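Geometric and topological summary
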Amino acid sequence: MLLTLGRPAPARKILAKVTEDLPADASTRYLLAKAWLAEEPRTAESDTQAAEALRKVLELAPDYQDPDGVTAPVIMETIKRLAGEKS
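Just so you know, these numbers come straight off a predicted model, no measurement behind them.

Here's the deal with helix α2 (residues 26–37)
In this model, α2 (12 residues) spans 17 Å end to end at C-alpha, consistent with the 16 Å of a helix rising 1.5 Å per residue. Within α2, the full set of buried residues consists of Ala26, Thr28, Arg29, Tyr30, Leu32, Ala33, Ala35 and Trp36.

What follows is the structure, encoded as structure tokens:
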């Protein structure tokens with residue numbers, strides 16, 4: 001809900017706690033990545049945190065697909081793009 005309202009910082013705080021409580025939940029990691037990517041202005045740190053969360057998504061669920069249809073290959077491309085943006 002916080003992400004929908006455009007409040008990524010409070011969303012990240014809650015999602016970080018949930019990832020501690022549910023470390024094997026790929027969906028929570030995906031939402032955490034979205035919260036980092038929603039940060040404005042984006043920074044190298046927010047991109048790094050998002051990429052880290054996305055890598056964990058794929059580690060936990062190599063064939064991940066979110067309810068909106070984002071698939072593992074799209075996540076892989078996002079990770080690559082984030083790595084390229086830092087260069």
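Some thoughts on the nonpolar core
Counting residues in hydrophobic clusters, the biggest one holds 20 residues, and the most contacted among them are Tyr30, Leu54, Val57, Tyr64 and Ile75. When contributions to this core are tallied by element, the ones reaching two or more residues are α1 (8–21), α2, α3 (44–60) and α4 (72–86). Setting aside residues no more than four positions away along its own chain, Ile75 makes contact with Tyr30, Leu54, Val57, Leu58, Tyr64 and Val70.

Considerations on the packing of α1 against α2
Put simply, α1 and α2 touch, their axes get as near as 9 Å, and they point 155° apart. Looking at the two axes, α1 sits roughly antiparallel to α2. Two packed elements cross with a definite hand, and for α1 against α2 that hand is left-handed. Residue-level contacts link Pro8, Ala11, Arg12, Leu15, Ala16, Val18 and Thr19 of α1 to Thr28, Arg29, Leu31, Leu32, Ala35 and Trp36 of α2.

Section: the side chain of Thr78
Looking at the secondary structure, you find Thr78 in helix α4. On the basis of relative accessible area, Thr78 is assigned to the buried category, the value being 15%. When residues no more than four places from it in sequence are discounted, the contact partners of Thr78 are Leu37 and Leu54.

Regarding the packing of aromatic side chains
By the definition in use, this model includes 1 aromatic pair. An angle of 40° between the planes, with centres 5.5 Å apart, marks the rings of Tyr30 and Tyr64 as tilted. Remark: Tyr64 occurs in the loop between α3 and α4 and Tyr30 occurs in helix α2; sequence separation between them is 34 residues. Residue Tyr30 shares its accessibility class with Tyr64, and that shared class is buried. Looking at Arg12, its charged tip hangs above the ring of Trp36, at a distance of 4.2 Å from the centre.

Overview of the layout of surface pockets
In this structure, the largest pocket encloses a volume near 150 Å³. Within the residue set of the lining of the largest pocket, elements represented by two or more residues are α1 and α2. The residue inventory of the lining of the largest pocket, partitioned by class, reads 7 nonpolar, 1 polar and 1 charged.

Definitions and cut-offs
Residues numbered from 1 in each chain as written. Predicted model: local features only at pLDDT ≥ 70, side-chain atom pairs only at ≥ 80, totals over all residues. Heavy atoms only, no water. Helix = DSSP H or I, 4+ residues; strand = E, 2+ residues; numbered from the N terminus. Expected span 1.5 Å × (residues − 1). Buried < 20%, exposed > 50% of the residue type's maximum accessible area, 1.4 Å probe, protein only. Core = buried A, V, L, I, M, F, W, Y, C linked by side-chain atoms within 4.5 Å. Contact = heavy atoms within 4.5 Å. Axes fitted to C-alpha atoms, helices over the stretch in contact; angles between N-to-C directions. Parallel < 35°, antiparallel > 145°, perpendicular 65-115°, else oblique. Left-handed = near helix turned anticlockwise from the far one by under 90°. Phe/Tyr/Trp six-rings, centres within 6.5 Å; stacked < 30°, edge-to-face > 60°. Lys NZ or Arg CZ within 6 Å of the ring centre and 35° of its normal. 1 Å grid on protein atoms, 1.4 Å probe; cavity = no way out; pocket = protein on both sides within 12 Å on 5 of 7 lines; lining within 4 Å. Points joined across faces, edges and corners; volume = space filled by probe spheres on them. Nonpolar A, V, L, I, M, F, W, Y, C, P; charged D, E, K, R; others polar.

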